Amino acid sequence: MTLESWGRYPKSTSTDIVHFSWPFSELPKDRKSFISHGQGRSYGDACLNNSGTVLSTKLLNRLISFNSETGLLRCEAGISLSDILKFSVPLGWFLPVTPGTKFVSIGGAIANDIHGKNHHVSGNFGHHVEQFELLRSDGQRLICSPKKNSEYFYATIGGLGLTGLIIWADVRLKKISGPFIKMDSIKFSSLKEFFEISRASDKDSEYTVAWLDCVASGDQFGRGIFMKGDHSDRKGRDKDAYKSGFLTVPFDFPNWALNSTSVKAFNTLYYNKQQTKSVTKTVHYDPFFYPLDSVSNWNRIYGKDGFLQFQCIVPKVDGEEAINLILKEIVSAQSASFLAVLKEFGDKESLGLMSFPREGITLCLDFAFRGEETLKLFRKLHDIVFDNGGAIYPAKDACMTENEFRSCFPKLQEFTKYVDPKFCSDLWRRVTDK
Ligand SMILES: Cc1cc2nc3c(=O)[nH]c(=O)nc-3n(C[C@H](O)[C@H](O)[C@H](O)COP(=O)(O)OP(=O)(O)OC[C@H]3O[C@@H](n4cnc5c(N)ncnc54)[C@H](O)[C@@H]3O)c2cc1C
């Protein structure tokens, strides 16, 4: 059966999907290979397994226990962040780290050691995981923590689902007063100004991120809107959440719908919608963290051929120049979409052997897939990233080469010792000789 990730590129044909659920059993012995699949929100091929079995965790979706004194939550690994928030926010607890969508599973959050707008303060998701249970294809069930089976703990955080199936995890949540965020949005007119605002804001704001206009050229090159926020003390019930998915994209847009003219028009409107340099407001956490979740199936706007996301990180030393070069390349290609994000990561060292986050500047944006033209642009962007000692995020990637992958992850050799011999993904086959 054909399976797609969020980017819908590449397509992959699995032999079958096994829905893993309580009461937990062993993995079927007669299958050739497995990969776990949470909510399928990774963009490339990390959750796909061509000619193999996909282990869906959609039914592993229960909360197991919660300590309201300490915020320690035990839950099954297929539960979504959205379901956790529904339970925890009314009790005054929030996710310690959250990505730009709440429709990802705990297993996916651990396997990609995801990051959020508070990386400079809180690090990655893995920093807040205390232990989990890992099921291996030989039937072993390992409780993994920094003290127990620690080698599997560090290999599984950011381990791309290759060390086995996470069944449940203990995650420490963060105390909040209510569901609101006090936020500022500040317009910037150049990359230089972005870096000035970012460095000042990272000292006193928990959440920071910027939207970048990736088609603006000339004296508008590098313009965007910087957003920073903190949990507000304002109390309130969670009832004001806007309905995620209340808009839906019912069909695949034709390829021509998204082009440089439509993206330019959108970006100009978006940039100019805010008329003053800066605006302060208090908003519900939903539009602050998850603006895209209000439109279900928004990935269809890229058409049936899908899209690729490019997310790189470059070290801060010379990073401003590298981002400048990358952006110039992107602007001259005039093929980026309106979704472009720029953020500086802090210096908290990742726990996972294969975690992507590291100190530096990360840029992330989408490109509709237009065959060789898109792949050629990615090759140019990758060259700049790797010439500058940077890395590409596997959760978003669909075209990194084996050499590039190796240079992103210096602990790759150590990691391979813990890969389950029966676990494999399309990504893993692409970037190794498996
Ligand atoms: C709109 C949008 C915004 C995003 N923003 C961010 C962001 O800000 N920061 C960020 O870091 N990421 C971001 N992402 C990427 C996303 O957070 C990751 O790809 C995440 O891993 C997806 O989780 P999932 O449950 O959908 O996992 P899947 O995509 O299904 O799988 C991802 C990986 O996790 C493994 N996996 C899943 N479940 C298990 C399990 N139970 N045991 C072992 N391995 C498992 C899979 O094998 C695969 O390798 C974003 C994605 C979208 C669509």
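**A word on the packing of aromatic side chains**
Counted under the stated rule, the structure contains 30 aromatic pairs. Ring geometry for Y9 versus F369: centroids 4.1 Å apart, planes at 25°, classification stacked. Placement of the pair is Y9 in the loop between β1 (2-3) and β2 (12-13) and F369 in the loop between β21 (360-368) and α9 (372-387), with a sequence separation of 360 residues. The pair Y9 / F369 is uniform in exposure class, with both members buried. Residues F194 and F226 carry aromatic rings whose centres are separated by 5.9 Å and whose planes lie at 55° to one another, so their mutual orientation is tilted. With F194 in helix α5 (residues 191-204) and F226 in strand β15 (residues 224-231), this residue pair connects regions lying 32 residues apart in the sequence. The pair formed by F194 and F226 is uniform in burial state, with each residue classed as buried. An aromatic cluster of at least three residues, connected via ring pairs, comprises F94, Y207, Y285, F288, F289 and Y290. A cation sits over an aromatic face here: K117 above F288, 5.8 Å from the ring centre.

**Some thoughts on the pairing of strand β4 (residues 34-37)**
Neither face of β4 is open: one carries F34 and S36, the other I35 and H37, and all of them are buried. Direction of pairing for β4 relative to strand β5 (residues 53-56): parallel, over a ladder of four bridges. Residue pairing across strands places H37 opposite S56, the latter belonging to β5.

Basis of the calculations
- Position numbers for residues count from 1 along each chain, tracking the sequence in the order it is written.
- Side-chain atom pairs in this predicted model are given and counted only at pLDDT of 80 or more, local residue features only at pLDDT of at least 70, and totals for whole chains, interfaces and linings cover all residues.
- Think of the side-chain values as coming from all heavy atoms in the structure, minus any hydrogens and water.
- Geometry of aromatic contacts follows a simple scheme: Phe, Tyr and Trp rings, the Trp one being its six-membered ring, pair when their centres are within 6.5 Å, and the pair is stacked under 30 degrees between planes, edge-to-face over 60, tilted otherwise.
- Numbered from the N terminus, helices here are DSSP runs of H or I no shorter than four residues, and strands are runs of E no shorter than two.
- Here's how the labels work: a residue is buried when its accessible area is under 20% of the maximum for its type, exposed when over 50%, partly exposed in between, all with a 1.4 Å probe on protein chains only.
- Geometrically, a lysine NZ or arginine CZ counts as sitting over a ring once it is within 6 Å of the ring centre and also within 35 degrees of the ring normal.
- A pair of strands counts as paired when DSSP detects no fewer than two bridges linking them.

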